[in-house]
Amino acid sequence: MEITLYQIDAFASKLFEGNPAAVCPLDEWLPDATLQSIAAENNLSETAFFVPKGDGFHIRWLTPLSEVDLCGHATLATAYVLFNILGYNEDRIQFDSRSGMLVVFRDGDRLVMDFPAQPPVPCDIPEEIVEAFNLSPVECLKSEDLLVVFEHEKDIESASPDFEMLKKLDSRGVIITAPSSRYDFVARFFAPRYGIPEDPVTGSAYTQLAPYWASRTGLTKFSAKQLSARGGELRCELLGDRVFIAGKAVKFLEGKIEIDC
């Protein structure tokens, strides 16, 4: 059995920046164990699989270790494949997912994802956070991830956390963020429990970051930078209980997976 695989740099305007994701179109679902094996073999932070469903598609996302409920950059990559490679002619794509219905639409040379907002709520600062970063944050909040706020942009740039300490936390991952002189805010994302020490650009994190920064600043539109080694720029907008997350993408490779099924 042959499966087409695309590797797309999401939240990137040129190759070798943003966050690479694998995208595999399927006619029907393969066994979960097979999907997980493909994702592990790809060894990227996410592999997206999708099948046709009604007027849209059903999408799933797997890290090298497990399936997740929501992934932004792999959704952006999947929409790029549909719009720019597979000839999808509509202006909007609907994806059914474990996080409900998601929509991606064109806006000039960018793709915009319409995702559910995940407003974080304040929580105590875990001792593991202070030990992992060797620095006390300004505040800590929680939704799907821990959202850890530091005072200065340089705190985000220079962070070198203890990943073993972060693995002890009961959350999908850890977002760190601070105000920025160049952008509205900057962020980084770590998910060592899911086999992702640091994710280059994490679209789903902005479903938590946008509500937080809106509550702090009174703004609803933001330009943001994820300060990973590869880096990535995003625009996001809070609209009620939804967050619009916009970015570009480019194709890195196209190939075939050959498996016995």
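For the structure itself, look to the data block above.
Residues numbered from 1 in each chain as written. Predicted model: local features only at pLDDT ≥ 70, side-chain atom pairs only at ≥ 80, totals over all residues. Heavy atoms only, no water.

*Asks:* What should I look at first to understand the overall build of the chain in this one?
*Replies:* A count of helices and strands for the chain gives six helices and 18 strands. The C-alpha radius of gyration of the chain comes to 18 Å, within 12% of the 18 Å expected for a compact globule of 261 residues. Viewed in the frame of its principal axes, the chain has a C-alpha envelope of about 50 × 40 × 30 Å. With 261 residues in all, the chain has 57% of them scored as buried. Counting contacts in the chain only where the partners sit at least 6 residues apart, residues at least 24 apart contribute 62% of the total. (Helix = DSSP H or I, 4+ residues; strand = E, 2+ residues; numbered from the N terminus. Rg over C-alpha atoms; globule rule 2.2 N^0.38 Å. Buried < 20%, exposed > 50% of the residue type's maximum accessible area, 1.4 Å probe, protein only. Contact = heavy atoms within 4.5 Å.)

*Asks:* What exactly am I supposed to notice about the pattern of salt bridges here?
*Replies:* Two side chains with opposite charge may pair up if their charged atoms get near one another. In total, this model carries 16 salt bridges according to the counting rule given. With its nearest N and O atoms 2.8 Å apart, the salt bridge here joins E198 to R188. Placement of E198 in strand β14 (residues 196–199) and of R188 in strand β13 (residues 185–191) is noted, with a sequence separation of ten residues between them. The class for R188 is buried, based on a relative accessible area of 8%. Each of D32, R60, E67, D69 and R98 takes part in one network of salt bridges that share partners. (Salt bridge = Lys/Arg side-chain N within 4 Å of Asp/Glu carboxyl O.)

*Asks:* Got a minute to help me understand the nonpolar core in this structure?
*Replies:* General note: in soluble globular proteins, nonpolar side chains tend to be found buried as a group. One finds W61, F95, Y206, L209 and I245 to be the most contacted residues of the largest nonpolar core, which totals 56 residues. Other than its neighbours up to four places away in sequence, L209 contacts L147, I175, T177, F185 and A187. Counting residues in each nonpolar core, the second largest holds 19 residues, with C140, F150, I176 and A178 among its members. (Core = buried A, V, L, I, M, F, W, Y, C linked by side-chain atoms within 4.5 Å.)

*Asks:* Teacher, can you tell me more about the environment of F133 here?
*Replies:* On the secondary structure map, F133 appears in helix α3 (residues 127–133). Under the relative-accessibility criterion, F133 is labelled buried at 12%. Linking F133 and E153, residues 20 residues apart in sequence, is a C-alpha distance of 14 Å. The residues touching F133, leaving out its near neighbours within four places in the chain, are F150, A159, P161, L166, V174, I176 and F190.

*Asks:* What is the right way to look at the packing of aromatic side chains in this model?
*Replies:* Taken as a whole and judged by the stated rule, the model has 13 aromatic pairs. When the ring of F105 is compared with that of F244, the centres are 5.6 Å apart and the planes differ by 70 degrees; the resulting orientation is edge-to-face. You can see F105 sitting in strand β7 (residues 100–107) and its partner F244 sitting in strand β17 (residues 242–247), a full 139 residues away along the chain. Taking the centre distance of 6.1 Å and the plane angle of 50 degrees together, the rings of F163 and F190 count as tilted. Of the two residues, F163 is situated in helix α5 (residues 163–166) and F190 in strand β13; the sequence distance between them amounts to 27 residues. (Phe/Tyr/Trp six-rings, centres within 6.5 Å; stacked < 30°, edge-to-face > 60°.)

*Asks:* Sorry, what's going on with unusual backbone geometry here?
*Replies:* Keep in mind that most residues, glycine aside, have a negative phi and that most peptide bonds are trans. In the Ramachandran plot, F16 falls in the positive-phi region, its phi being about 75 degrees despite a non-glycine side chain. Among the secondary structure elements, F16 is positioned in the loop between β1 (2–10) and β2 (19–25). F16 gets classed as exposed once you look at its relative accessible area, which sits at 57%. Unlike most non-glycine residues, N43 shows phi in positive territory, near 55 degrees. In this structure, N43 sits in the loop between α1 (32–42) and β3 (47–53). Exposure remark for N43: the relative accessible area of 57% places this residue in the exposed category.

*Asks:* Whenever I open this one, the pairing of strand β12 (residues 174–179) confuses me. Can you help?
*Replies:* For a regular strand, the rule is simple: side chains alternate between the two faces of the sheet. Counted residue by residue, β12 has five buried out of six residues, so it is predominantly covered. Relative to β12, strand β11 (residues 146–149) runs parallel, the two sharing four bridges. Bridge pairing in β12 links L147 to I175. Sheet analysis places β12 next to β13, joined by six bridges and oriented antiparallel. Of the residues in β13, the one forming a bridge with I175 is F189. (Pairing = 2+ DSSP bridges.)

*Asks:* I keep staring at α1 and nothing clicks. Help me out?
*Replies:* An α-helical turn contains 3.6 residues, so a residue and the one three or four places further along point in the same direction. All of the buried residues along α1 are L35, Q36, I38 and A39. Down the axis, α1 shows its buried residues gathered within 160 degrees of arc, on one side only. Of the exposed residues in α1, those oriented more than 90 degrees away from the buried face are A33 and E41. On its buried face, α1 sits against β1, β3, β4 (56–62), β5 (67–68) and β18 (249–258). Positive backbone phi, approximately 55 degrees, marks N43, located one or two places after α1. (Arc of directions from axis to C-beta.)

Fair warning: the whole summary comes from geometry, so function is off the table for now.
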